[in-house]
Amino acid sequence: AQSVTQPDIHITVSEGASLELRCNYSYGATPYLFWYVQSPGQGLQLLLKYFSGDTLVQGIKGFEAEFKRSQSSFNLRKPSVHWSDAAEYFCAVGHSGGYNKLIFGAGTRLAVHP
Amino acid sequence: DTAVSQTPKYLVTQMGNDKSIKCEQNLGHDTMYWYKQDSKKFLKIMFSYNNKELIINETVPNRFSPKSPDKAHLNLHINSLELGDSAVYFCASSQGMSDVYGYTFGSGTRLTVV
């Protein structure tokens, strides 16, 4: 069964600093991978997704993520964080063989210092 | 023009009561879901429906009964509410059943059982 691990529960960065949020997945075949962001009191918004092709994917709000099969990772990056990026970030994995049932990681809470 | 809308946004009720949460999507999607987010932000799928047909039921207690009158609506009825049912419930939809599509989420319903 597939699973997702987000090793960092909480990360704090300064505004303008670069960001990398880690995500490791467990799945035997080619996974479909997603990053979602949840602002306080809001639903989840899709930032980007990977299912094939170029392993570096671009998303909304200046985010990008890189799929590394050898490391079973799909880390999210942003070169310069804005205060409005403070939120909860969720990595999710789906698989190519069955019904849509995304499995989510436990989330990483991002705090941004001015 | 909200894509996935849930009502109510907040629900406070006593143990033992029965309550319903409604969800509607105007995206023309075929598949809809209910997810539960616990106090630690962990997201777990409860149900999925495709064109009004139940596809996934993730060992949710029988007190929870989803109903999909048409493919644009998926409601959740909960009988005999318990303290442990307190959580945020998210409705979501996707274009099809394959994991490649990802989800569009509603803004959530915060249920508090007292």
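Residues numbered from 1 in each chain as written. Chains lettered and ligands numbered in written order. Predicted model: local features only at pLDDT ≥ 70, side-chain atom pairs only at ≥ 80, totals over all residues. Heavy atoms only, no water.

Draft legend 1. A look at the state of the cysteines. What the rule picks out here adds up to two disulfides over all chains. Disulfide partner of A:Cys23: A:Cys91, at an S-S distance of 1.9 Å. Around the S-S axis, the bridge from A:Cys23 to A:Cys91 shows a dihedral of about -65 degrees and counts as left-handed. You can see A:Cys23 sitting in the loop between β3 (19–21) and β4 (24–26) and its partner A:Cys91 sitting in strand β10 (residues 87–95), a full 68 residues away along the chain. Take A:Cys23 and A:Cys91: they sit in the same class, and that class is buried. A sulfur-sulfur distance of 1.8 Å marks the disulfide that ties B:Cys23 to B:Cys91. Handedness here is read from the sign of the S-S torsion; for B:Cys23 and B:Cys91, about -80 degrees, the answer is left-handed. Of this pair, B:Cys23 sits in strand β3 (residues 19–25) while B:Cys91 is found in strand β9 (residues 87–94), placing the two residues 68 residues apart along the sequence. Pair check on accessibility: B:Cys23 and B:Cys91 agree, each one buried. (Disulfide = S-S within 2.5 Å. Helix = DSSP H or I, 4+ residues; strand = E, 2+ residues; numbered from the N terminus. Buried < 20%, exposed > 50% of the residue type's maximum accessible area, 1.4 Å probe, protein only.)

Draft legend 2. The arrangement of the side chain of B:Ser68 in detail. Residue and element names in this part refer to chain B. Structurally, Ser68 can be placed in strand β7 (residues 64–70). A polar contact is formed between the side chain of Ser68 and the backbone oxygen of Asp70, at a distance of 3.0 Å. For Ser68, the contacting residues outside a window of four places in its chain are Tyr49, Lys52, His73 and Leu74. (Polar contact = N/O pair within 3.5 Å; in protein donor to acceptor, adjacent residues only side chain to side chain. Contact = heavy atoms within 4.5 Å.)

Draft legend 3. Structural context of the environment of B:Gly84. All names here are of chain B. Here Gly84 shows up in the loop between β8 (73–78) and β9. Judged by relative accessible area, Gly84 falls into the exposed class, the value being 55%. Remark: the alpha-carbon pair of Gly84 and Val100, spanning 16 residues in sequence, is separated by 32 Å.

None of this, on its own, says anything about what the molecule does.
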